[in-house]
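Residue-level listing of the chains:
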Amino acid sequence: MEFLPMENSKLDSMEWYRTKWFTGAVFILIFACLYWIYSYNLTFAQPPQSVHTWRQTNSLSMTQIYYQDRVPFAEPEIHNRISDDGLSGKRAGEFPIIYYLVAKIWTFTGQSEWIFRFLHYLLLMTGSFLLFRMVEKLTGNAIIAGFVGLLAMTSPMVIFYGPNFLPDAPSQAFVLIAWYFLHAFVQQKKMSALWLSALFFFLAISLKITAATSFIAIGGWVLLENIFLPSGKRIFNFRLRHYLPFVVAVGALVIWYAYVYYYTGIHKGSFSYMGIWPVWKMTAEQFHRITDTLDKIWFREFFWPPLQYTTLAIWLFLLTQWKKLPLFLCYMLVIMPLGLAGILALWFQVLEGHDYYLITQIQTLLVIWIVFFLYLKERKLTASRVVNIVLVMVLVTLVLNGQKRHSERYSGWMNEGYKLHFEALTTIQPFFAQWGISEKDLVISLPDPSINASLYYMNRKGYTDFASDFSKEETFVKRIAQGAKYLVVNDTTILSRPEVARFAKYPAGQYLNVKVFDLRPFSPENRND
């Protein structure tokens, strides 16, 4: 009689690798290994560079101003004086909670781009881990859960932009965290889970409004099931009090975006258009150019192309199996891709140079794969060793593809502009001190079509080509009258332009490819002409 308990105990001890703590530890270990596989140990300490330095430095500029100028949370600023007719950098856009938090951390550690990136990395890990836990509960298979949980971190876009200061990947991570707590409510019916889910949905959508896809989809289902389904067949089965956290979240979103319009309105300056860029307002030439860019570049940067084709095939297959799927899964299979299509239609114009807009739509791809694995589970296929081995091999392939794509972002044409012109600006500050240029002196930095890139690298407030037309002499005159004291030129070929040469008469210093000229002789009080 004692033999069977001993055998069962022995069997249990052999199944330790199936325990929650072990599968969680393995997942975290694999995610941690990505830090070295993707060379984050090297890139985290480097200045922002490569594709869309423009957007990276916008985030960093706001964080830097929070840190060094101690501006209030609700009064964000940037280096470029694009507001108040060139007299300030006050502007608002995404909810600046991460920027403000990083600035507060910097007060203890000192300014560190590594810390900013590592915080993003931790947010990505948290979102991925909680998605892993949720899928593990749904499927009962840790390998499938690991595949889904790590899938987003194999996207070249996420690998690059995720840690690099943009709000898109943290927004996506917050969506995954919100999913986890919503699923926890379905299991446990605790109000605290709903409040946490609503909080993270708020953070996700306040960082990036395009992240609202699943929030709208699930919200629509909650209303529909309460209207059309009997309580015994409902998934969420909300009572009146259950709506409160999400009503509060929506109210907070309305308040924040209304404040953004108010704040940018009174200061008359914004670096991000708050409306839409729809496909129907494009010319045929624009449409062809963007689709060509998507086909040749960004399609491969979203995910490994075979994975995208496979996802599409799986989605089409699942649509043919709708009678065999629960109603909620059928609904999500239709509504989420429709949401993706809507986002693409409304913001299609930005995809020419803003590939990172696709990051928040990874949630649609994840939904398709989750539904697929639930379909396989019902057919007792998820325990198959073949399925598990194939998933591991595919995941390894995706990681290696992501590693290759990530390394390419730091070499070749993607990083050429930084290496040739901007890199010297990242180490020029000590020379400014030698030349008598103080931290408070405003500069005109040319050429720079971005909002803050060169200004952030130098940590100097002032003006770039953005919002200032320096092809006209009168723009120089106006900015000098508003306090610009030095002209910083990172590409000396522009000195052949008459309107630039006119103000490049008094050299203040040179460092590598950068020439600096004194503009004070042209100030109103010093001009004789």
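Residues numbered from 1 in each chain as written. Predicted model: local features only at pLDDT ≥ 70, side-chain atom pairs only at ≥ 80, totals over all residues. Heavy atoms only, no water.

### What to know about the pattern of salt bridges
Side chains carrying opposite charge are able to pair once their charged atoms draw close together. To keep it simple, the criterion reads: Counted as salt bridges are all cases of a side-chain nitrogen of Lys or Arg within 4 Å of a carboxyl oxygen of Asp or Glu. Helix and strand definitions follow DSSP, with helices as H or I runs of at least four residues and strands as E runs of at least two, each counted in order from the N terminus. Here the term buried applies to any residue with accessible area under 20% of the maximum for its type, exposed to any over 50%, and partly exposed to those in between, with areas from a 1.4 Å probe on protein chains only.
The full count for this structure, using the stated rule, is 19 salt bridges. The partner of R409 in a salt bridge is D355, and the shortest N-O contact between them spans 3.4 Å. Separated by 54 residues along the polypeptide, R409 in the loop between α17 (385-408) and α18 (416-422) and D355 in the loop between α15 (327-346) and α16 (362-378) bring together distant segments of the chain. A relative accessible area of 1% places D355 in the buried class. In this structure, the salt-bridge partner of K472 is D469, at a minimum N-O distance of 3.7 Å. Residue classification places K472 among the partly exposed positions, given a relative accessible area of 40%. For D469, a relative accessible area of 35% translates into the label partly exposed. Sharing partners across several salt bridges, the network here consists of E301, D355, K404, R405, E408 and R409.

### Details of helix α10 (residues 191-207)
Formally: Each residue after the first adds 1.5 Å to the expected span of a helix. Whether two residues are in contact is decided by their heavy atoms: any pair within 4.5 Å suffices.
For α10, with 17 residues, the first-to-last C-alpha span of 25 Å sits near the 24 Å given by 1.5 Å per residue. Among the 17 residues in α10, twelve count as buried, and that is most of the element. Buried within α10 are the following residues: A193, L194, S197, A198, F200, F201, F202, L203, A204, I205, S206 and L207. In the core, the buried residues of α10 are packed alongside α5 (97-109), α9 (168-188), α11 (213-228) and α12 (240-267).

### Considerations on the side chain of Q482
The residue Q482 is located in the loop between α21 (473-481) and β3 (484-489) in this model. For Q482, a relative accessible area of 17% gives the class buried. In contact with Q482, not counting residues within four places along its chain, are R81, D85, G86, L87, L442 and Y463.

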